[in-house]
Amino acid sequence: MNFPEYLVLFSNQGTMDVHVSFEDHEGSISSRKMSPKEISALISPGGKGFHSQMTFDDWPFVITKYQIEPAENKLTIFARKIPCA
């Protein structure tokens with residue numbers, strides 16, 4: 001299945017900081033920048049909801065929460081590794 005890749009989802013330009021918090025995973029990935037209008041990148045194709053899965057350096061993760069902090073111009077994506085079947 002094709003999931004959006006975090007590193008190409010946002011332009012890396014703009015006033016908002018995008019951070020990722022991995023749950024139960026010690027890895028990290030670089031923060032990105034985005035403009036507020038890019039928030040639409042979080043919406044899945046067809047507009048029926050938000051992306052519930054995403055890849056980070058080609059590794060698939062489940063998205064558990066999006067946290068927007070307007071006063072700090074910050075978006076945090078919370079992700080958890082997809083369990084092996």
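As a starting point, this report considers the structure included with it.

Rules used throughout
- Residues numbered from 1 in each chain as written.
- Predicted model: local features only at pLDDT ≥ 70, side-chain atom pairs only at ≥ 80, totals over all residues.
- Heavy atoms only, no water.
- Helix = DSSP H or I, 4+ residues; strand = E, 2+ residues; numbered from the N terminus.
- Rg over C-alpha atoms; globule rule 2.2 N^0.38 Å.
- Buried < 20%, exposed > 50% of the residue type's maximum accessible area, 1.4 Å probe, protein only.
- Contact = heavy atoms within 4.5 Å.
- Areas by Shrake-Rupley, 256 points an atom, 1.4 Å probe, with all protein chains shown as cover.
- Lys, Arg positive; Asp, Glu negative; His and termini not counted.
- Charge placed at Lys NZ, Arg CZ, Asp CG, Glu CD.
- Pairing = 2+ DSSP bridges.

Further remarks concern the overall build of the protein. The helix and strand inventory of the protein stands at 1 helix and 5 strands. Each helix (α) and strand (β) of the protein, taken in turn from the N terminus, gives the series α-β-β-β-β-β. By the compact-globule yardstick of 12 Å for 85 residues, the protein fits well, its C-alpha radius of gyration being 12 Å. Viewed in the frame of its principal axes, the protein has a C-alpha envelope of about 40 × 30 × 20 Å. Each of the 85 residues in the protein was classed as buried or not, and the buried ones make up 33%. Within the protein, counting contacts between residues at least 6 apart in sequence, those at least 24 apart form 43% of the total. Surface summary for the protein: the accessible area is close to 5500 Å², and the carbon and sulfur share equals 53%. Of note, the protein has its 8 positive side-chain charges centred 6 Å away from the centre of its 10 negative side-chain charges.

Here I82 lies in the segment after β5 (74-81). Along the primary structure I82 and Q13 are separated by 69 residues, whereas in three dimensions their C-alpha atoms are 29 Å apart. With near-sequence residues (within four places) excluded, I82 lies in contact with Q53, P60, F61 and V62.

Our next topic: the pairing of strand β3 (residues 53-56). Consecutive side chains along a regular strand alternate between the two faces of the sheet. For β3 and strand β4 (residues 59-69), the ladder comprises 4 bridges, and the chain directions are antiparallel. Its bridge partner lying in β4, M54 is registered against F61. Counting the residues that bridge the hairpin from β3 to β4 gives 2 residues, and of these D57 lies at a positive phi of roughly 50°.

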